[in-house]
Amino acid sequence: MNDMILVTGATGAFGRPLVELLTAQGAKVRAVTRSAGPVRLPAGVEVVEGDPARPDTLAHHLDGVTAVFLHPRAIGDGAPGLLARAADRGARRVVALSAMNADDPLDEQPSRFRGDRNKEAEAAAVDSGLEWTSLRAASFAGNALQAWAPQIRAGDVVRYVHAGFQEVPIDERDLIEVAAKALLGEHPGEHPGGHSGGRLGGRLELTGPESLTHAAMVAVIGEAIGRPLRFEEIPPEAAERHLVAGGLPEPFVHALLARYARYAARPQHPVTGDAAAALGRPPRTFATWATTHAPAFHHP
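Rules used throughout
Residues numbered from 1 in each chain as written. Predicted model: local features only at pLDDT ≥ 70, side-chain atom pairs only at ≥ 80, totals over all residues. Heavy atoms only, no water. Core = buried A, V, L, I, M, F, W, Y, C linked by side-chain atoms within 4.5 Å. Buried < 20%, exposed > 50% of the residue type's maximum accessible area, 1.4 Å probe, protein only. Helix = DSSP H or I, 4+ residues; strand = E, 2+ residues; numbered from the N terminus. Contact = heavy atoms within 4.5 Å. Axes fitted to C-alpha atoms, helices over the stretch in contact; angles between N-to-C directions. Left-handed = near helix turned anticlockwise from the far one by under 90°. Nonpolar A, V, L, I, M, F, W, Y, C, P; charged D, E, K, R; others polar. Salt bridge = Lys/Arg side-chain N within 4 Å of Asp/Glu carboxyl O. Pairing = 2+ DSSP bridges.

**Focus on the nonpolar core**
Membership of the largest hydrophobic core comes to 34 residues, with the highest contact counts inside it found for W148, I152, Y160, I221 and F286. Of all the elements in the fold, those that place two or more residues in this core are α5 (143-154), β7 (157-160), α7 (214-225), α8 (236-245), α9 (250-262) and α11 (286-292). Discounting chain neighbours no more than four positions away, the residues touching I221 are A144, W148, I152, L229, F286, A290 and F297. Among the nonpolar cores identified, the runner-up in size contains 33 residues, and L41, A67, I170 and L184 belong to it.

If you want it as structure tokens, here you go:
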């Protein structure tokens, strides 16, 4: 395999397992880190120091790169410049991690307040002139750890807003697998109602296989850990105080609660077939995710 893939955000919670999967599949990976210190990545990965938000710092690391992965938090406003330089050096393909809510009002996109630039990363990929894929991801299943794990470890009641708010959570492992396939230029798997033929490309709306309310997700976690959990709905003001006291930035919390309020009466996004088509199998259920992560919810 001759692909050399440049991965931004390579040492983070998404980038690290992506690098591991690409390496396991035989790809050559050039992993970008802002720190000159040691990093734990698979043997054979070429670790380079640079700041993706400042493309000039990576210009001399683009020789031989055939594909670029844009992490929307790592890349900041540097995506257009980085892709222009990569294209000049012979890159053919770009994959951007984005989100299904990228077209929503910016003040209702919580991840923007933690540095993500989903809309900008996708736009840079589209305008790059390269073969492009945008991974418009639904809510990560792992968000349940941040939202509810401390309460579940402490007791059997989860106090949170909007019991009936619906998500279509995707297991991060499935999203990472789709990212790897797109970076390697693989053909999508055959799946009824999904894509067939050609390579993965364009905007992929990647969801889990089912829409679940907040209350239902908590119940699924309870089944996974063998404890009946109860969801107790609280007012948004109380939730805001709790989340901020737990260390989340106020702007992030405001945007999160605005998103919940916007879609409280209807599902934010429907289940799509894009993940199944890309994977060649059904995506993992939230119950499967919860079983895998059950230890994180157990009493200390």
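**Section: the packing of α8 against α9**
Where α8 meets α9, the closest approach of the two axes is 10 Å, and the angle between their N-to-C directions is 145°. As α8 packs across α9, the resulting crossing turns out to be right-handed. Here P236, E240, L243 and V244 of α8 lie close against α9, whose contacting residues are E250, V253, H254, L256 and L257. The residue inventory of the contact of α8 with α9, partitioned by class, reads six nonpolar, one polar and two charged.

**Brief notes about the pattern of salt bridges**
For the coordinates displayed, the defined rule picks out 23 salt bridges. Across the pair K181 and E186 runs a salt bridge whose closest N-O atoms are separated by 3.5 Å. Taking relative accessible area as the criterion, E186 reaches 27% and is therefore assigned partly exposed. Each member of the salt-bridge network shares a partner with another, and the members are D103, K119, E122, R136 and R203.

**So, α5**
Along α5, the residues classified as buried are A144, A147, W148, A149, Q151 and I152. Buried residues along α5 sit in contact with β7, α7, α8 and α11.

**Description of the pairing of strand β6 (residues 131-137)**
Summarising burial for β6: five of the seven residues are buried, a large majority. Bridge analysis of strand β5 (residues 93-99) against β6 gives seven bridges, and the strand direction is parallel. Bridge pairing links S98 to R136 in β6. The pairing of β6 with strand β9 (residues 202-206) spans five bridges and is parallel. Across the sheet, residue A137 finds its bridge partner in β9, namely L206.

Any functional reading would require information that these geometric values do not contain.
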